[in-house]
Amino acid sequence: MKKERASSMAKITGIKCIRTRRNGTWTVVKVLTDQDGLCGIGSANDLYNPEAVVQVIEQLLAPQLIGRDAGNVEDIWQTMQLSSYWRNGSVLQTAIGGIDVALWDIKGKEAGLPVYQLLGGACRAAVPCYGHAGGRDIAELKEDVHRFKEEGYTVIRAQLGGYGGGGFIPAGEANVPDGAWAKEAVFDEHAYLQAIPAMFEQLRTEFGGGVQFTHDVHEHVSPIGAVRLAKRLEPYDLFFLEDALPPEHVGWYRQLRQQTATPQAVGELFTNPQEWTPLITERLIDFIRVRVSKVGGISAARKIAGLAEAFGVRTAWQEGGENDPINQAAAVHLDMAVWNFGIQEINHFRPEEQELFPGLVERRGGYLYVSGKPGLGIEFDEEKALLLPGEDWNKASYHQPYKLDRKADGTLVRP
């Protein structure tokens, strides 16, 4: 009788969640194995629901993964995806994404290869990225664009202040009703639709065609307002217009595509395949901008990239100011291996945050470089991570909902 060959795969022995950053918004997922010193790290951070994600990992996912072969990444991903019956929600997908990225980190370390090599190898020498330029007025914005240009960026996002900037009217100057709900500046779509084309006209006059610009609408306008804005921006040759519409109104991208050639990028709020699939297969967008951790990690994102390649859509994985070095590394490894890569959003980290992650992705000029070490190429200092939030931090009292804007009459603006 032929003796069965024993599996040499590392087995999962535990999954830890470590909350860190000053305000505790980063959640590092650490997958432990029975192989001495072999573990993987992933990102499950969620600025608005951090503890909910931790509870999903600790109560739902981790108990059913203990003892599983860490190398069976796809089967584990499918198990996690179906384990709560209801699926494709942001909290669950973030929890799955944290574990999935950690498993890819383990697989790379076992193979002695960077993750991008496991995904098919390099398609480029480095990863182009874009910077975020902003200013309270056009003079400040121009100054910021000059700064990014001097640092080596060729693609730069341009914003007049925060999201919706250019469309805000101070509460004291706006025509608000008695008992107005809005206590701060109110958003006015008409003002915004006038200000942003005027902003790009001045930027093109200042910088010519040597800089490629993006702009983030952040879903602040009505569907027809998005169509009007995209048409008005055509003369300024944007690299892309981001999030012109919210997930609830993605059907309007058909009208956008029919009426304007301004490139469209969308997806940072997507967690469900039914949100991105029709946009890609109908060729209604030019860049898919999901966040790697929010769609379920590397396993999910590489499938999205494969679908996008078949329909001429490029990737532009979303990073946010609250994102962490682990998710950034996962995105950049995908960028290295994905042929239909478009551009990568940049992150900036404080020195004390960088110290937690030796080997984190390095930016030189307008390019990002992975370390070349096995797995994600990042180490994690857990002791420093636990100290970073400070002694007065209390996860039980954490409360940081998304800040919403309102119109003059009090109507909420979709973010």
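Structural notes, computed from the coordinates. All figures in this text were calculated on a predicted structure; none of them were measured in a lab.

1. A few points about the overall build of the chain
Then comes step 1: Scanning the chain from N- to C-terminus turns up 13 helices and 15 strands.
Then comes step 2: Over its C-alpha atoms the chain spans a radius of gyration of 22 Å, differing by no more than 12% from the 22 Å that the globule rule assigns to 415 residues.
Then comes step 3: A buried classification covers 53% of the 415 residues belonging to the chain.
Then comes step 4: Of all intrachain contacts in the chain linking residues separated by at least 6 positions in sequence, the fraction that spans at least 24 positions is 70%.
Then comes step 5: In the structure as shown, the chain presents an accessible area of about 18,200 Å², 50% of it carried by carbon and sulfur atoms.
Then comes step 6: The positive charge centre, built from 43 side chains, and the negative charge centre, built from 54, are 4 Å apart in the chain.

2. Overview of the packing of helix α5 (residues 138–150) against helix α6 (residues 189–207)
Then comes step 1: Viewed as axis vectors pointing N to C, α5 and α6 meet at an angle of 45°, and their least axial separation amounts to 11 Å. The angle between α5 and α6 places the two elements in the oblique class. The two elements α5 and α6 meet at a crossing, and its hand is right-handed. Touching I138, L141, K142, V145, H146 and K149 of α5 are M199, Q202, L203, E206 and F207, all from α6.
Then comes step 2: Of the residues contributing to the contact of α5 with α6, the split by class is six nonpolar, two polar and three charged.

3. Quick word on the side chain of N347
Then comes step 1: Mapped onto the elements, N347 comes out in the loop between β13 (344–345) and α12 (351–354).
Then comes step 2: Leaving out residues up to four positions away in the same chain, N347 has contacts with E319, G320, G321, N323 and Q328.

4. With respect to α6
Then comes step 1: Under the 1.5 Å per step criterion, the end-to-end length of α6 is 27 Å for 19 residues, consistent within 8% with the ideal 27 Å.
Then comes step 2: Listing the buried residues of α6 in full gives E189, Y192, L193, A195, I196, P197, M199, F200, L203, R204 and F207.
Then comes step 3: In the core, the buried residues of α6 are packed alongside α5, β5 (155–159), β7 (186–187), β8 (212–216) and α7 (223–232).
Then comes step 4: The backbone nitrogen of H190 has a side-chain oxygen 3.2 Å away, supplied by the residue at the start of α6, namely D188.

5. Re the pairing of strand β1 (residues 12–20)
Then comes step 1: Counting buried residues in β1 gives seven out of nine residues, a clear majority hidden from the surface.
Then comes step 2: Taken together, the eight bridges between β1 and strand β2 (residues 26–33) define a ladder with antiparallel strand orientation. Each residue of the ladder has a partner; that of I12, found in β2, is T33.
Then comes step 3: The hairpin formed by β1 and β2 contains five residues between the paired strands, and R21 there has a positive phi angle of roughly 80°.

6. With respect to the packing of helix α2 (residues 73–82) against helix α10 (residues 298–310)
Axes are the key here: two packed helices are described by the angle between their axes and the distance separating the axes.
Then comes step 1: Closest axis-to-axis distance for the α2/α10 pair is 10 Å, and the angle between their directions is 100°. Relative to α10, the element α2 lies roughly perpendicular. Only S299, A300 and K303 of α10 make contact with α2, whose side of the interface consists of V73, E74, W77 and Q78.

7. Quick look at the pairing of β5
Then comes step 1: Of all five residues that make up β5, five are buried, and the element is covered over most of its length.
Then comes step 2: A two-sided burial pattern is seen for β5, the buried positions comprising V155, R157 and Q159 on one face and I156 and A158 on the other.
Then comes step 3: Handedness of the strand β4 (residues 127–134)-α5-β5 crossover: right-handed.
Then comes step 4: Pairing analysis gives three bridges linking β5 to β8, with the strands arranged parallel. When the sheet's bridge partners are listed, I156 is paired in β8 with F213.

8. Brief notes about the packing of aromatic side chains
Working definition: an aromatic ring pair is given by the centre-to-centre distance plus the angle between the planes.
Then comes step 1: Per the counting criterion, the structure on display carries 14 aromatic pairs.
Then comes step 2: With a centroid separation of 6.1 Å and 65° between ring planes, the pair formed by W26 and F357 is classed as edge-to-face. Taken together, the residues span a long stretch of sequence, with W26 in strand β2 and F357 in the loop between α12 and β14 (362–364) at a distance of 331 residues. Residues W26 and F357 agree in their burial class; the two are buried.

9. Some words on the pattern of salt bridges
Then comes step 1: Applying the stated criterion to the full structure yields 29 salt bridges.
Then comes step 2: Taking the shortest distance from any N to any O, the salt bridge between R289 and E345 comes out at 2.7 Å. Taken together, the positions of R289 in the loop between β11 (287–288) and α10 and E345 in strand β13 put the pair 56 residues apart, joining distant regions of the chain. Comparing R289 with E345, the two get one shared label, buried.
Then comes step 3: The residue K373 makes a salt bridge to E379 at a minimum N-O spacing of 3.9 Å.
Then comes step 4: For K373, a relative accessible area of 42% puts it in the partly exposed group.

10. Comments concerning the nonpolar core
Generally speaking, soluble globular proteins have nonpolar side chains that are buried together.
Then comes step 1: Core analysis: the biggest nonpolar cluster contains 114 residues, and I99, F200, Y253 and I288 have the highest contact counts within it.
Then comes step 2: For Y253, the residues in contact, after removing those within four places along its chain, are D243, A244, L245, Q264, A265, V266, L279, L284 and I285.
Then comes step 3: In this structure, Y130, F239, F240 and F287 belong to the second largest nonpolar core, which totals eight residues.

11. A few points about the sheet that holds β1
Then comes step 1: The antiparallel open sheet is built from three strands, whose spatial order is β1-β2-β3. Bordering the open sheet on either side are β1 and β3 (39–43), each of which pairs with just one other strand. For this sheet, the mean angle separating the axes of adjacent strands, direction not counted, is 20°.
Then comes step 2: Sheet strands in contact with helix α1 (residues 50–65) are β1 and β2, and its direction is about 175° off that of β1.
Then comes step 3: Taken strand by strand, helix α11 (residues 325–337) contacts β2 and β3, and its axis lies near 95° from that of β3.

What counts and how
- Residues numbered from 1 in each chain as written.
- Predicted model: local features only at pLDDT ≥ 70, side-chain atom pairs only at ≥ 80, totals over all residues.
- Heavy atoms only, no water.
- Helix = DSSP H or I, 4+ residues; strand = E, 2+ residues; numbered from the N terminus.
- Rg over C-alpha atoms; globule rule 2.2 N^0.38 Å.
- Buried < 20%, exposed > 50% of the residue type's maximum accessible area, 1.4 Å probe, protein only.
- Contact = heavy atoms within 4.5 Å.
- Areas by Shrake-Rupley, 256 points an atom, 1.4 Å probe, with all protein chains shown as cover.
- Lys, Arg positive; Asp, Glu negative; His and termini not counted.
- Charge placed at Lys NZ, Arg CZ, Asp CG, Glu CD.
- Axes fitted to C-alpha atoms, helices over the stretch in contact; angles between N-to-C directions.
- Parallel < 35°, antiparallel > 145°, perpendicular 65-115°, else oblique.
- Left-handed = near helix turned anticlockwise from the far one by under 90°.
- Nonpolar A, V, L, I, M, F, W, Y, C, P; charged D, E, K, R; others polar.
- Expected span 1.5 Å × (residues − 1).
- Polar contact = N/O pair within 3.5 Å; in protein donor to acceptor, adjacent residues only side chain to side chain.
- Pairing = 2+ DSSP bridges.
- Right-handed = clockwise from strand over helix to strand, strands pointing away.
- Phe/Tyr/Trp six-rings, centres within 6.5 Å; stacked < 30°, edge-to-face > 60°.
- Salt bridge = Lys/Arg side-chain N within 4 Å of Asp/Glu carboxyl O.
- Core = buried A, V, L, I, M, F, W, Y, C linked by side-chain atoms within 4.5 Å.

Scope: geometric values only; no functional claims are made or implied.
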